[in-house]
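Understanding the architecture of this molecule
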Number of protein chains: 2
Amino acid sequence: MAQREAHVHEPYEIELTGPQSPIRADQVPFQAEFTHTSGRAMTLLGFWDGERRYLVRIAPPLAGTWTWRTSSDAAELDGHSGEFTAEPAEPAESAEFTDSPAHGVVRVNARFHFAHEDGTPFRPVGATVYNWIHQDEPLRTQTMASLSEAGLNKLRFMVFPQAGGYVEHFPELMPFERTDDGWDVGRPKVEFFRRLDSLVADLGNRGIEADVLIFDAYDRGVFGLNELTEEQDAAYLRYLVARLGAYPNVWWSLCNEFDQMTDRPTERWTRAGELLAKIDAHDHLRSIHNWVELYDYNQRWVTHASIQNGYATEALGRASLYRDVYRKPIVLDEIKYEGDTERWGRLSAPELVDRFWITTASGCYASHGESFVTESGSLHIVEGGRLRGESPARLGFLRQVLDGLQIPGLDPIDKWDDPASVVGKAREQYLIYLGRDAPAEWTFRLPQGHDGDRLKVGDAFEVQIIDTWNMTITTAPDEYVLTEVQRNDAYAHNNAPVALPEGEAIALLITRVPSAS
Amino acid sequence: MAQREAHVHEPYEIELTGPQSPIRADQVPFQAEFTHTSGRAMTLLGFWDGERRYLVRIAPPLAGTWTWRTSSDAAELDGHSGEFTAEPAEPAESAEFTDSPAHGVVRVNARFHFAHEDGTPFRPVGATVYNWIHQDEPLRTQTMASLSEAGLNKLRFMVFPQAGGYVEHFPELMPFERTDDGWDVGRPKVEFFRRLDSLVADLGNRGIEADVLIFDAYDRGVFGLNELTEEQDAAYLRYLVARLGAYPNVWWSLCNEFDQMTDRPTERWTRAGELLAKIDAHDHLRSIHNWVELYDYNQRWVTHASIQNGYATEALGRASLYRDVYRKPIVLDEIKYEGDTERWGRLSAPELVDRFWITTASGCYASHGESFVTESGSLHIVEGGRLRGESPARLGFLRQVLDGLQIPGLDPIDKWDDPASVVGKAREQYLIYLGRDAPAEWTFRLPQGHDGDRLKVGDAFEVQIIDTWNMTITTAPDEYVLTEVQRNDAYAHNNAPVALPEGEAIALLITRVPSAS
């Protein structure tokens, strides 16, 4: 039995030897109950890893001593036990990766936002490469390197291979053995899943969250992985969760454009989501992504909304409506792409960057995608590679701004009357996005807060002028001091307006500072 | 036993004599099973109507012979039976009231719209007078007359009396008897509920749907009707449904601004809504209206969303997002008011009319309210009376336009890419709202439809220019014939642009006509 060094928020693996004849992977071969001295307990599914090798993996959420015990119908896997000590989380190897998995699983924070298990806020500025794991090296690594260089911190990719337009490379390695009856989910290709493990770990080491798209709406019979029964889907889901759940950087998404699978009733997705919530003891984020019909993100199993709707990000005042509806974090995971293809993929870089800032100023998050036709005839969102667009660097800059916030996230201040002009946390920090064609000056005004957050005459503020395209942050020379506070608005009449670089794409970050008086 | 003439879609009442000592109204005194010769059956709750008088009411949905039989724990009310013949619905007395209750209960039609049981579309353009039934005559009748004159066809009002700002008249007649322990829902004031019956019937006779606000978030202990227990609420709900359910013009709304009742968990509202759905054999529309927290309108008991959010109606592209979220009709029941009071009640008439057209062009519906301070120090939305604003006549005009549509309702044509520019039904009829400051001309362009609704070169259209403020409809002299149909758009290059009254608030209604060729 392996006894490696264990660390908080890192996968720790226990290996057992199973019976002579392998247990089919559509059965859970064994479970292990892990118990910390504090009493915290987690039940984890074991999985088959080839030949007689069976594993169970945990990312210990707490430092200290953990004991474990297995149970199984197979005598060889039943009743094993042991203990290990989890050392505190290791600091990130490089300060460059603030989103190191050492901070733990990302979860919902402050209702509409995200934070790692250790409390560090996570501000998703992600990308999309559906068919990433199905490419050959060195393309896969180049993809990661390019995302990482741009400063993007989440990647949406599919486990099953994509079929359809712009798919120019068909993989040889598939997730299951094939029989005359089709795919045998009872016999996963261990080589396939080991590669997946290692790619997810690689993303984590680069500070990138792995947003795993579990089922495949683009297969349409090409590979036949869309034709699994609901029981087969469930077996695959258990196997996937058992293998990947201990990687702290995993997010789950049941499907991209789920409603392209028109033969599946919504209830099937709900059952899959509820199963996922039940079996994932690490409690990763869970969602599902739509084509034209929105999923009911009010379902309890859903932790955040993952919405396709570019239109909602074209103007302020739209995406914020989703917040009130779902009362969960809103991630606009497909808002059209920077590129030169069809209507969904021919945004200019300034347009896409503008959509990100609009989304941000709506209290929501967005994902990037690039759709210039590549040398192979494919697209970056399909196969990855080096990013060519002008938006990624600007999105990295946006992420820096978000990582610099001193508040959990940006929320509308005047929620019903004007949710889109000013976001932040009242009397603490505010963001105002003035759009792609800023005026020459901006007169200081803030909406009034509520209860303990009400502005007072004398409150003083620093104003930072963020040029979202040229990637500069300039602090306005004046300090802005409130001279008049009305029922709904507050003014600094003694200050001249803030001078702006007219015509540029400008956001303002306004932070309260100690008053001089 | 009464045997009056019965008509389809009209309340028909059966009276029984109960025991010497009255059955408390927090018990259902008896039920009656009504069966039509077709096999269609409805189970209706009986109710106490004072002394030894017990009633059950049905609005027969089908013409022909109905039989009925009662069941009760009380021997006096058990085992009665009879039969009656329902004559076909009587035509409306006046052609003026196209929404006569003779068309039957209004239900959801074509997913996002409404129609009466007989298929006649219903286009809600409603008003709000919370405390209407609690005023004295002649104010109540004046309210109805003024709404009816303006052409408004729905009225939102509360059963329980309103307390709070602008309430200047406290009612003497309350819904229940009072004991030392508070309100006794077991002893309803029959006089109160008979008046309610008669007011609902009066609305129906004027072609106005009665949107009944069942519980009261504005009481705050003033009357104490907010302090009923959940069991008392349920008893009242059963009584109300038994009394009013046979009036075809009833809509149910559990509460206005439900989330003002901060001591009630959401689950309590859900249980009330589910009970309502279960006991209302007439299956009226059901919703609930929010303050700052949206209800989950995806709940099954909810038939349509009744949303307060004025901001969503300020610009195109917002309210339509709710359609995708809830996949039910969206009624914006509170979008700020025409008046001269606070921030929520000082819209100009052109602003309010603009919001209605924006809502319409978003595939949704809205409700009117007026908040000029009245002579008594109250507001029209509180006490009613004669409407003073300039918007009601324009809303009556909007309703005429909607009633003239040849399609079930207005739906976005290019749903994801541009849901707000053009609504209607592809290749049949379209509405385009150009806003309050129309350009001097409009170049004919339509978005392409899908599947069987795809536009073809040669398709011909009539264009009507609707001046939404001046209330005129002018047909453009030309017929517009498509000369080019692209993947997403269609053009009539041989036509000159449509000349418009520049600067006015203009909508275009575009209807396909038989092609000349």
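Above this text sits the structure in question.
Residues numbered from 1 in each chain as written. Chains lettered and ligands numbered in written order. Predicted model: local features only at pLDDT ≥ 70, side-chain atom pairs only at ≥ 80, totals over all residues. Heavy atoms only, no water.

What follows is about helix H4 (residues 266-279) of chain B. Residues and elements named next belong to chain B. Taking 1.5 Å per residue, 14 residues should reach 20 Å; H4 reaches 20 Å between its end C-alpha atoms and fits that length. If you check which residues of H4 are buried, you get Arg268, Trp269, Thr270, Ala272, Gly273, Leu275, Leu276 and Ile279. Looking at the buried residues of H4, the elements they touch are strand E4 (41-45), strand E16 (209-215), helix H3 (230-244), strand E17 (250-255) and strand E18 (286-287). (Helix = DSSP H or I, 4+ residues; strand = E, 2+ residues; numbered from the N terminus. Expected span 1.5 Å × (residues − 1). Buried < 20%, exposed > 50% of the residue type's maximum accessible area, 1.4 Å probe, protein only. Contact = heavy atoms within 4.5 Å.)

Attention shifts here to the interface of chain A and chain B. Interface extent is often summarised as the accessible area lost during association of the parts. Every contact between the two is made by 37 residues of chain A and, on the other side, 37 residues of chain B. Taking both sides of the interface into account, the surface hidden between chain A and chain B amounts to around 3,100 Å²; carbon and sulfur atoms contribute 44%. Three residues, A:Tyr311, A:Arg343 and A:Trp416, lead the burial of chain A against chain B; their summed loss comes to 25% of the area buried on that side. Scanning the region where chain A abuts chain B turns up 16 residue pairs in polar contact (both at pLDDT 80 or more). Looking at the side of chain A that touches chain B, the elements that each hand over two or more residues are helix H5 (319-326) and strand E25 (418-425) of chain A. The element best represented in the side of chain A that touches chain B is H5(A), accounting for 6 residues. (Buried area = accessible area lost by both parts, 1.4 Å probe. Polar contact = N/O pair within 3.5 Å; in protein donor to acceptor, adjacent residues only side chain to side chain.)

In this section: the pattern of salt bridges. What the rule picks out here adds up to 71 salt bridges over all chains. Note that A:Glu13 is salt-bridged to A:Arg53, the shortest N-O span being 3.8 Å. Placement of the pair is A:Glu13 in strand E2 (residues 12-17) and A:Arg53 in strand E6 (residues 53-58), with a sequence separation of 40 residues. Given a relative accessible area of 26%, A:Arg53 falls into the partly exposed group. Salt-bridge contacts for B:Glu314 lead to B:Arg355; the nearest nitrogen and oxygen are separated by 3.5 Å. Note that B:Glu314 is positioned in the loop between strand E19 (305-307) and helix H5 (319-326) and B:Arg355 in helix H6 (residues 349-360), a separation of 41 residues in sequence. By relative accessible area, which is 36% here, B:Glu314 ends up partly exposed. Since its relative accessible area comes to 7%, B:Arg355 is described here as buried. (Salt bridge = Lys/Arg side-chain N within 4 Å of Asp/Glu carboxyl O.)

One chain copy maps onto the other through a rotation about an axis and a shift parallel to that axis. Its rotation angle being 180 degrees, the transformation that places chain A on chain B also includes 0.0 Å of axial translation and leaves an RMSD of 0.0 Å. As the rotation angle and translation indicate, the two copies are arranged about a two-fold axis. Ranked by how close their C-alpha atoms come to the rotation axis, the residues of chain A are headed by A:Arg318, at 2.6 Å. A symmetric contact is evident, with 97% of the interface residues of chain A recurring at the interface of chain B. (Least-squares fit on C-alpha atoms with pLDDT ≥ 70 in both.)

The subject of this paragraph is the sheet that holds strand E28 (residues 445-447) of chain B. All names here are of chain B. As summarised here, the arrangement of the 3 strands in space is E28-E33-E32, forming an open sheet in which the pairing is antiparallel. Both outer strands of the open sheet, E28 and strand E32 (484-485), are each paired with one neighbouring strand and no more. In terms of strand pairing, E32 meets strand E33 (residues 489-491) through 2 bridges, oriented antiparallel. Within E33, the residue paired with Glu484 across the bridge is Tyr491. (Pairing = 2+ DSSP bridges.)

Right, let's get into the pairing of strand E14 (residues 176-179) of chain A. Residue and element names in this part refer to chain A. As paired elements, E14 and strand E15 (residues 182-188) share 4 bridges and run antiparallel to each other. In the sheet register, Thr179 faces E15, and the bridge partner there is Gly182. From the end of E14 to the start of E15, which pair antiparallel, there are 2 residues.

Our focus in this paragraph is the sheet that holds strand E2 (residues 12-17) of chain B. Residues and elements named next belong to chain B. The antiparallel open sheet is built from 3 strands, whose spatial order is E2-E6-E5. The open sheet is flanked by E2 and strand E5 (47-48), the only strands paired with a single partner. Judged from the 2 bridges that link them, E5 and strand E6 (residues 53-58) form a sheet pairing that is antiparallel. Bridge assignment links Trp48 to a residue of E6, and that residue is Tyr54.

Here we come to the pairing of strand E24 (residues 411-414) of chain B. Residues and elements named next belong to chain B. Here E24 pairs with strand E25 (residues 418-425) via 3 bridges, running antiparallel. Note that in E25 the partner of Pro412 across the bridge is Val423. Once E24 ends, the chain turns through 3 residues before running back antiparallel as E25.

Here the focus is helix H1 (residues 139-150) of chain A. Residue and element names in this part refer to chain A. With 12 residues, H1 extends 17 Å from end C-alpha to end C-alpha; this agrees with the ideal 16 Å at 1.5 Å per step. Taken residue by residue, H1 has Arg140, Thr143, Met144, Ser146, Leu147, Ser148 and Ala150 as its buried positions. Packed against the buried residues of H1 are strand E12 (125-128), strand E13 (154-158), helix H2 (190-205), helix H7 (380-383) and helix H8 (391-403). A positive backbone phi angle near 95 degrees is found at Gly151, which sits one or two residues after H1.

Attention now goes to the packing of aromatic side chains. Residues and elements named next belong to chain A. What the rule picks out here adds up to 60 aromatic pairs over all chains. Geometrically, the ring pair formed by Phe160 and Phe176 is edge-to-face, given 6.1 Å between the ring centres and 75 degrees between the ring planes. On the criterion of sequence distance, the pair formed by Phe160 in the loop between E13 and E14 and Phe176 in strand E14 is long-range, its members being 16 residues apart. Of the residues examined, Phe160 reaches a relative accessible area of 1% and is grouped as buried. Ring geometry for Trp357 against Tyr433: centres 6.1 Å apart, planes inclined by 25 degrees, an arrangement best described as stacked. Linking Trp357 in helix H6 (residues 349-360) with Tyr433 in strand E26 (residues 429-433), this pair joins segments that are 76 residues apart in sequence. Of the residues examined, Trp357 reaches a relative accessible area of 0% and is grouped as buried. By relative accessible area, Tyr433 is classed as buried at 5%. Sitting over the face of the ring of Trp251, Lys154 holds its NZ or CZ atom 5.0 Å from the ring centroid. Taking NZ or CZ as reference, Arg394 lies 3.8 Å from the ring centre of Trp469, over its face. (Phe/Tyr/Trp six-rings, centres within 6.5 Å; stacked < 30°, edge-to-face > 60°. Lys NZ or Arg CZ within 6 Å of the ring centre and 35° of its normal.)

Worth remembering: the numbers are spatial, not functional.
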